[in-house]
Amino acid sequence: MQSAVLTEPETFEFEERPRPEPGPTDVLVAVGRVGICGSDVHYYRHGRIGDFVVENPLVLGHESAGEVVAVGADVEDVAVGDRVALEPGVPCLDCDACRRGEYNLCPDVRFMATPPIDGAFTEYVAWPAEFAYPLPENVSTRAGALCEPLSVGLHAARRGNVDVGDTVLITGGGPIGMLAMEAARVAGASEIILSDVVPEKLERARARGADATVDPSQEDLVERVAELTSADGVDVVIEASGADTAIRSTTEVVRRGGSIALVGLAGEGEIPLDTHDIINDELDVHGSFRFRNTYPAAIDLLASGDVDVEGIIDFEMPLSELTAAFERTDDPSLVKGMVTVGD
């Protein structure tokens, strides 16, 4: 099979690799579509993200879906011919975090495209059947691949405790911000504000249902949110940009007793927050890391038509043009790129 391998920063090489054989509890999937994630771009540009360093050739891509072409001897719930979305993190299921049900926090998780685990920019992937979710007929493979970023949005909305009637501010109009907006809406939010500094992303957010948008480079975010909420502040902030200024603003735009979910990764890990605000306003500040137990809900939302993920896709290119696809992600006006691996 053909695999696109990152051999050094900004260099993909195509290798002929043996097609994997599924183990007894695995499925073999002919990869159909793979989304390009910001983490993929970071590895491509810099060869690392924080403590995760690409020391050996690595196959990127963890937002994937495809068709099952073989199953292991012990697999019962997935069949050859099923189209499936692959949940990219496989936990140990034995540590304290896994036993608590918080398997996204498993210290020994095997996560696609996180060194040293190869990802999905390859023609075939053998993966545990437990983490391969069949797609209904009315959910396309390209939509199925985006169950992963949708799951990040769903988990962020859960971590922020978004509830019926809430006013929610989402900072950042990239893929996670856009899908967190969808997640907040289906959780019952009655008013959603989205902020970003890219006009095209603000326009996209309005077209996708944002009740208001704010460009912090043109107007004061705190003042504008105060205007929009009669000076009360929003019930929930989902910070999806990773921008220092946006992160610092979270405690200023949320109401007393409100919730903050931090999902965007900043360039520097340490950013000052006013602890007096957090204590005096009794704020709930939550980190949001990847996701857990979200894929069935994500697929149901796609099947019902309650969530649109394909609408954030700006371009789709074949695996053979992977370098060009990654270079296109430099355009700040674009939200999402996708790679076609198979039919």
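One structure accompanies this document, and this report is about it. Please read these numbers as outputs of a predicted model, since none were measured by experiment. (Residues numbered from 1 in each chain as written. Predicted model: local features only at pLDDT ≥ 70, side-chain atom pairs only at ≥ 80, totals over all residues. Heavy atoms only, no water.)

### Overview of the side chain of aspartate 281
Logical step 1: Along the polypeptide, aspartate 281 turns up in the loop between helix H9 (275-280) and strand E17 (284-287).
Logical step 2: Accessibility expressed as a relative area gives 17% for aspartate 281, which makes it buried.
Logical step 3: If near-sequence neighbours (up to four positions away) are discounted, aspartate 281 is found in contact with Arg256, Gly257 and His276. (Helix = DSSP H or I, 4+ residues; strand = E, 2+ residues; numbered from the N terminus. Buried < 20%, exposed > 50% of the residue type's maximum accessible area, 1.4 Å probe, protein only. Contact = heavy atoms within 4.5 Å.)

### Considering helix H10 (residues 295-304)
Logical step 1: Here H10 has its buried residues at Tyr295, Ala298, Ile299, Leu301 and Leu302. Projection of H10 onto a plane perpendicular to its axis shows the buried side chains occupying an angular sector of 160 degrees, all on one side.
Logical step 2: Buried positions along H10 lie against strand E7 (83-86), strand E11 (132-134), helix H3 (141-145), helix H4 (147-159) and helix H5 (175-186).
Logical step 3: Note on H10: the residue one or two positions beyond its end, glycine 305, has a positive phi of about 80 degrees. (Arc of directions from axis to C-beta.)

### With respect to the pairing of strand E16 (residues 254-262)
Logical step 1: Bridging between strand E15 (residues 234-239) and E16 involves five bridges; their strand directions are parallel. Across the sheet, residue valine 236 finds its bridge partner in E16, namely serine 259.
Logical step 2: Handedness of the β-α-β unit built from E15, helix H8 (residues 244-253) and E16 comes out right-handed.
Logical step 3: Here E16 runs beside E17; their pairing, made up of four bridges, is parallel. Across the sheet, residue alanine 261 finds its bridge partner in E17, namely histidine 286.
Logical step 4: Handedness of the crossover is the feature at issue here: the chain leaves E16, passes through H9, returns alongside E17, and the resulting connection is right-handed. (Pairing = 2+ DSSP bridges. Right-handed = clockwise from strand over helix to strand, strands pointing away.)

### Regarding unusual backbone geometry
Logical step 1: A cis amide bond, omega 5 degrees, links proline 115 with the succeeding residue proline 116.
Logical step 2: For proline 116, the position within the fold is in the loop between strand E9 (110-111) and strand E10 (124-128).
Logical step 3: At glutamate 10, a position not held by glycine, the phi torsion is positive, near 65 degrees.
Logical step 4: Within the fold, glutamate 10 resides in the loop between strand E1 (2-8) and strand E2 (11-16).
Logical step 5: The class for glutamate 10 is partly exposed, based on a relative accessible area of 42%.
Logical step 6: In this model, asparagine 161 sits at a positive phi of 60 degrees, which is unusual for a non-glycine residue.

### Details of the side chain of histidine 155
Logical step 1: By secondary structure assignment, the location of histidine 155 is in helix H4.
Logical step 2: Residue histidine 155 is classed as buried on the basis of its relative accessible area, which comes to 4%.
Logical step 3: Setting aside anything within four residues of it in sequence, one finds histidine 155 in contact with Asn104, Ser288, Phe289, Arg290, Phe291 and Arg292.

### Points about the pattern of salt bridges
Logical step 1: One pass over the full model with this rule turns up 18 salt bridges.
Logical step 2: Arginine 45 is the salt-bridge partner of glutamate 10, the closest N and O atoms lying 2.6 Å from each other. One end of the pair, glutamate 10, is in the loop between E1 and E2; the other, arginine 45, is in helix H1 (residues 38-46), and 35 residues separate them in sequence.
Logical step 3: For the salt bridge of arginine 45 with glutamate 327, the shortest nitrogen-to-oxygen distance reads 3.0 Å. Of this pair, arginine 45 sits in helix H1 while glutamate 327 sits in helix H11 (residues 322-328), placing them 282 residues apart in sequence.
Logical step 4: Sharing partners across several salt bridges, the network here consists of Glu10, Arg45, Glu327 and Asp330. (Salt bridge = Lys/Arg side-chain N within 4 Å of Asp/Glu carboxyl O.)

### Focus: the environment of serine 64
Logical step 1: On the secondary structure map, serine 64 appears in strand E6 (residues 63-71).
Logical step 2: Its relative accessible area of 2% is what places serine 64 among the buried residues.
Logical step 3: Through-space distance from the C-alpha of serine 64 to that of glycine 209 is 26 Å; in sequence the pair is 145 residues apart.

### Focus on the nonpolar core
Logical step 1: Leu60, Phe121, Ile238 and Phe326 are the most contacted members of the largest nonpolar core, which totals 90 residues.
Logical step 2: Beyond its immediate sequence surroundings of up to four residues, isoleucine 238 is in contact with Ala156, Ala157, Val162, Val168, Leu169, Ile170, Thr171, Ala180, Ala261 and Val263.
Logical step 3: Counting 12 residues, the second-largest nonpolar core is a separate cluster that includes Ile193, Ala212, Val237 and Leu283. (Core = buried A, V, L, I, M, F, W, Y, C linked by side-chain atoms within 4.5 Å.)

Shape descriptors only; they carry no functional weight alone.
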